[in-house]
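The primary structure of each chain is shown beneath.
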Amino acid sequence: QAVIDLMESIALQESALSHILCAESQKMKTALAMNEIDLCKLLEVNDSATNMVHAVANLELVLKDKLEFVSNNLYYPPVDAAAK
């Protein structure tokens, strides 16, 4: 059950990160569609999105490590009786 719970937590975190990236995409699209936005503000929005993408990438590395830990240390497939 612990392995299933860990895998489910990884999946939920991946889903949350996906939603964050979609929100950043929408923010950029909205900013680009604004008629009266100046270059300085547009660059600020871009920097904000870039920072968020970097943060998400770092969290992805943590999730990758978590998944590798689960697969290398906690998952023991059932022994097939026919293989004996």
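In this text, all values refer to a predicted model and were calculated from it rather than measured experimentally.

Rules and cut-offs
- Residues numbered from 1 in each chain as written.
- Predicted model: local features only at pLDDT ≥ 70, side-chain atom pairs only at ≥ 80, totals over all residues.
- Heavy atoms only, no water.
- Helix = DSSP H or I, 4+ residues; strand = E, 2+ residues; numbered from the N terminus.
- Buried < 20%, exposed > 50% of the residue type's maximum accessible area, 1.4 Å probe, protein only.
- Contact = heavy atoms within 4.5 Å.
- Areas by Shrake-Rupley, 256 points an atom, 1.4 Å probe, with all protein chains shown as cover.
- Salt bridge = Lys/Arg side-chain N within 4 Å of Asp/Glu carboxyl O.

(A) Inspection of the overall build of the chain at higher detail. A tally of helices and strands in the chain yields two helices and zero strands. Across the 84 residues that make up the chain, the buried fraction comes to 12%. Sequence-distant contacts in the chain: of pairs separated by 6 or more residues, those separated by 24 or more amount to 73%. A total accessible area of about 6600 Å² is found for the chain, and carbon and sulfur atoms account for 64% of it.

(B) View of the pattern of salt bridges. Summed over all chains, the structure comprises three salt bridges. As a salt-bridge pair, E24 and K27 come within 3.1 Å of each other at their nearest N and O atoms. Note that E24 and K27 are positioned in helix α1 (residues 2-33) at a spacing of three residues, about one turn of the helix. Note that K64 and E68 form a salt bridge whose closest N and O atoms lie 3.0 Å from each other. Pair noted here: K64 and E68 are both in helix α2 (residues 39-74), with a separation of four residues, about one helical turn.

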